Amino acid sequence: MCGILAVLGCVDYSHAKRARIIELSRRLQHRGPDWSGIHCHQDCFLAHQRLAIVDPASGDQPLYNEDKTIVVTVNGEIYNHKELRGRLKSHQFRTNSDCEVIPHLYEEYGEEFVDMLDGMFSFVLLDTQDKSFIAARDGIGITPLYLGWGLDGSVWFASEMKALSDDCERFISFPPGHIYSSKQGKRAKAVVQPTMAVVKRLMTDVPFGVLLSGGLDSSLVAAVASRHLAEFEGAYQWGSQLHTFCIGLKGSPDLKAAREVANYLGTRHHEFHFTVQEGIDALEEVVYHVETYDVTTIRASTPMFLMSRKIKSLGVKMVLSGEGSDEIFGGYLYFHKAPNKEEFHLETCRKIKGLHLYDCLRANKSTSAWGVEARVPFLDKEFVNIAMSIDPEWKLIKRDLGRIEKWVLRNAFDDEQRPYLPKHILYRQKEQFSDGVGYSWIDGLKDHANNQVTDAMLTHASYIYPENTPTTKEAYYYRTIFEKFFPKNAARQTVPGGPSVACSTAKAVEWDAAWANNLDPSGRAALGVHEAAYEVFVEANGVHHGLQEEMLDKTATVV
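Only a predicted model underlies this, so the values are computations on that prediction, with no experimental measurement involved. (Residues numbered from 1 in each chain as written. Predicted model: local features only at pLDDT ≥ 70, side-chain atom pairs only at ≥ 80, totals over all residues. Heavy atoms only, no water.)

Participant: Can you lay out the nonpolar core for me, pointing to particular residues and giving the numbers?
Facilitator: Ranked by internal contacts, the top residues of the largest apolar core, which has 60 residues, are L5, W156, F245, L283, I311, V319 and F482. Non-local contacts of L283, meaning those with residues more than four positions away in its chain, are made with I298, T302, L445, Y477, Y478 and I481. Counting 53 residues, the second largest nonpolar core, distinct from the first, contains A223, I352, F383 and Y427. (Core = buried A, V, L, I, M, F, W, Y, C linked by side-chain atoms within 4.5 Å. Buried < 20%, exposed > 50% of the residue type's maximum accessible area, 1.4 Å probe, protein only. Contact = heavy atoms within 4.5 Å.)

Participant: Which residues make up the packing of helix α9 (residues 283–290) against helix α21 (residues 473–485), and what are the values?
Facilitator: Where α9 contacts α21, the two axes come as close as 9 Å, and the packing angle between them is 60°. Classified by the interaxial angle, the pair formed by α9 and α21 is oblique. As for the relative orientation of α9 and α21, their crossing is right-handed in sense. Here α9 contributes L283, E284, V287 and Y288 to the contact with α21, which in turn contributes Y477, Y478, I481, F482, K484 and F485. Partitioning the contact of α9 with α21 into residue classes produces eight nonpolar, no polar and two charged. (Axes fitted to C-alpha atoms, helices over the stretch in contact; angles between N-to-C directions. Helix = DSSP H or I, 4+ residues; strand = E, 2+ residues; numbered from the N terminus. Parallel < 35°, antiparallel > 145°, perpendicular 65-115°, else oblique. Left-handed = near helix turned anticlockwise from the far one by under 90°. Nonpolar A, V, L, I, M, F, W, Y, C, P; charged D, E, K, R; others polar.)

Participant: Pulling in residues and values, what's your account of the pairing of strand β9 (residues 155–158)?
Facilitator: Of the two faces of β9, the one holding V155 and F157 and the one holding W156 and A158 are both buried throughout. As defined by bridge partners, strand β1 (residues 3–8) adjoins β9 across four bridges and the pair is classed as antiparallel. Following the sheet pairing, L8 is matched in β9 by V155. Both strand β8 (residues 146–149) and β9 contribute to a ladder of four bridges, which runs antiparallel. (Pairing = 2+ DSSP bridges.)

Participant: Tell me what's going on with the sheet that holds strand β3 (residues 44–50), and back it up with residues and numbers.
Facilitator: Spatially, six strands are ordered β2-β3-β1-β9-β8-β10 in an open sheet, and the strand pairing comes out antiparallel. Each edge of the open sheet is held by one strand with a lone partner, namely β2 (35–41) and β10 (170–173). When the angles between neighbouring strand axes are averaged without regard to direction, this sheet yields 10°. Sheet strands in contact with helix α1 (residues 15–25) are β1, β2, β3 and β9, and its direction is about 30° off that of β3.

Participant: Run through the pairing of strand β14 (residues 243–248), naming residues and quoting values.
Facilitator: For β14, a buried count of six out of six residues is recorded, marking the element as mostly surrounded by other parts of the structure. Here β14 shows two buried faces, one formed by H243, F245 and I247 and the other by T244, C246 and G248. Where strand β13 (residues 208–211) and β14 come together, two bridges link them in parallel fashion. When the sheet's bridge partners are listed, L211 is paired in β14 with F245.

Participant: So what's going on with helix α5 (residues 216–228)? Which residues, and what values?
Facilitator: Given a rise of 1.5 Å per residue, 13 residues ought to cover 18 Å, and the 19 Å separating the end C-alpha atoms of α5 matches this to within 8%. Extensive coverage of α5 is indicated by the burial of ten of its 13 residues. When α5 is considered as a whole, its buried residues turn out to be L216, D217, S218, S219, L220, V221, A222, A223, V224 and A225. (Expected span 1.5 Å × (residues − 1).)

Participant: Hey, could you go over the sheet that holds strand β15 (residues 268–273) for me, with residue numbers and the actual values?
Facilitator: Ordered in space as β15-β14-β13-β16-β17, the five strands form an open sheet in which the pairing is parallel. If you trace the sheet from one side to the other, it starts and ends with β15 and β17 (373–375), each paired once. With direction set aside, neighbouring strand axes in the sheet form an average angle of 30°. Pairing geometry for β14 and β15, over six bridges, is parallel. Within β15, the residue paired with F245 across the bridge is H270. Relative to β15, helix α7 (residues 253–265) is tilted by about 170°, and along the sheet it contacts β14 and β15.

Participant: Tell me what's going on with the side chain of S321, and back it up with residues and numbers.
Facilitator: With respect to the helices, strands and loops of the structure, S321 is situated in the loop between β16 (318–320) and α11 (325–329). In this structure S321 comes out as buried when scored by relative accessible area, which is 5%. A polar atom in the side chain of S321 sits 2.5 Å from the side chain of E323. The residues contacting S321, other than those within four sequence positions of it, are L211, V221, M304, R375, V376 and P377. (Polar contact = N/O pair within 3.5 Å; in protein donor to acceptor, adjacent residues only side chain to side chain.)

Participant: For the pattern of salt bridges, give the residues involved together with the corresponding values.
Facilitator: Using the criterion set out here, one finds 34 salt bridges in the structure. R375 serves as the salt-bridge partner of E77, at 3.5 Å between the closest nitrogen and oxygen. Of this pair, E77 sits in strand β5 (residues 70–78) while R375 sits in strand β17, and the two are 298 residues apart along the sequence. The exposure class assigned to E77 is buried, which follows from its relative accessible area of 3%. According to the relative accessible area criterion, R375 is buried, its value standing at 0%. For R350, the salt bridge goes to E347, with nearest N and O atoms at 2.8 Å. Pair noted here: R350 and E347 are both in helix α12 (residues 341–353), with a separation of three residues, about one helical turn. Judged by its relative accessible area of 29%, R350 is partly exposed. (Salt bridge = Lys/Arg side-chain N within 4 Å of Asp/Glu carboxyl O.)

Participant: I'd like to hear about helix α14 (residues 381–388), residue by residue, with values.
Facilitator: Burial runs high along α14: six of the eight residues are buried. Turning to α14, its buried residues number three or more, namely K381, F383, V384, I386, A387 and M388. One side-chain oxygen of the residue at the start of α14 lies 3.0 Å from the amide nitrogen of E382, identifying that residue as D380.

Participant: Any details on the packing of aromatic side chains? Residues and values, ideally.
Facilitator: The relative placement of two aromatic rings is captured by the distance of their centres and the angle of their planes. Applying the stated rule across the entire model yields 25 aromatic pairs. Ring centres 5.5 Å apart and planes at 70° place the aromatic pair F378 and F383 in the edge-to-face group. For F383, a relative accessible area of 1% puts it in the buried group. Members of the aromatic cluster, joined through ring pairs, are Y288, Y293, F482, F485 and F486. (Phe/Tyr/Trp six-rings, centres within 6.5 Å; stacked < 30°, edge-to-face > 60°.)

Participant: Residue-level account of unusual backbone geometry, with values.
Facilitator: Cis geometry marks the peptide bond from Q61 to P62, where omega comes out at 5°. Structurally, P62 can be placed in the loop between β3 and β4 (63–64). Positive phi values are uncommon outside glycine, yet Q42 reaches one of about 55°. With respect to the helices and strands, Q42 occurs in the loop between β2 and β3. Here Q42 falls in the partly exposed class, since its relative accessible area comes to 45%. Of note in the backbone geometry, K68 takes a positive phi value of approximately 65° without being a glycine.

Participant: How would you explain the confidence of the model for the protein if you had to name every residue and give the values?
Facilitator: Mean pLDDT over the protein works out to 88, with 89% of the residues at or above the 70 mark. Predicted confidence in the protein is weakest over helix α23 (residues 553–558), with a mean pLDDT of 41, and strongest over α9, with 98. Low pLDDT (under 50) marks residues 536–559, which in the prediction has 60 contacts with non-local residues, meaning those over four places away or in another chain. (pLDDT = per-residue confidence, 0-100.)

Structure below.
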């Protein structure tokens, strides 16, 4: 990932303003430690901090068309850039960067070119001929983008809030799947993303690997990547043995499962350990980089943040990760309580629409803090469209029929002739990342927060924090850290709120009356479902795994 900052329509565009933009852009340098650049055109500034993944030697940004009248600063990857270059035979390219197609596509097709992009991206493009500009973000919101307004009437765009929060009177999270056009205003656009989800994300000119927790999603990504790695140019440069990475407290469920998957696939596996105290010591850095006070996001971001630092120290700059599958297939344990297929489907839609505020935000910013890029195959647009077109009846969890969470995905990869994974891994119960790294991690966070926040502080929380009032000492503690770095009301409003059980939305809490008294985003709050729930089981949790059906062939192909 890279860091972008664009300021358009400044009243002051002196040398002092240019220096200020460079200073603010440096706040994003962790996202792009390899190079920095800035383009100034009258009252418009486009700055870039580069993490070089494709064409490290010559792909520095901002990027231009032939006569440099079109300028663009981009964060992301355009997976179909070679195909798009084939449509631009009359254009001359300066680099092999996948993102250089953007200014040329704009020159050829105008603003409608965004529909042609297949990838994860956020960018700002300036047409210096009439000083018009557009900004766009991919349909899921895999890469972060914020939009702000200065008192002088300027419009700001930045990869992270910290680059514009001091200079903008108001700012928001830029909505996924939208274009902001200075000519036409903000509007929604669909971004088509074809071809094989995992395979195309192996496009890289630098060392890479897979984040492997030993859960279903990351294990499938690793399995598919292992099978196809030898087909790609990177295998000749970096070797045909896939690198995998896992982190946890010693003895954690994820470490054990990931080790087993790595041995089965024959990957070069890297196992990292951390202690509860090391995680607590990193909390302030985590909140600063991830820019949220959401409890479950901070719980999961901390080990991912620590792991990313270790990964970068090994010289790896890109990783594949399994985010998105739980939202698409209803993989969280609270989906066991979905009353019918209609409610199940509506909840998956709500979860997908919120990904840019939760899991995508975590995966992107936790890794980008150390200059590592995370790619998420399950959020390929074609894959999402196929998976969401399945009758939700097939996604419903029916334990009497042997269907556990994400059964339809597990079944699609249950290949007896050439197994992708060991059977017990393929049917391993969903374990949220913040739980899987070791149950004592969340317990330790709660204990620490209890020592930092008094009963009186929590009692009066609504007076101190009237918006998104924290209801637990842990939430209160994270809020105090956030407010230290981001004290503006606009910053508070970028963070979602509401009750949650096992990562549910507030609406899904209504599915089980007993959950209202056990609100916690941990999977262990799914009483009667999680095998190590906070309280004693309410009902049996036996699961039969032998069921086979003829369905979802397309899903297996796309992944």
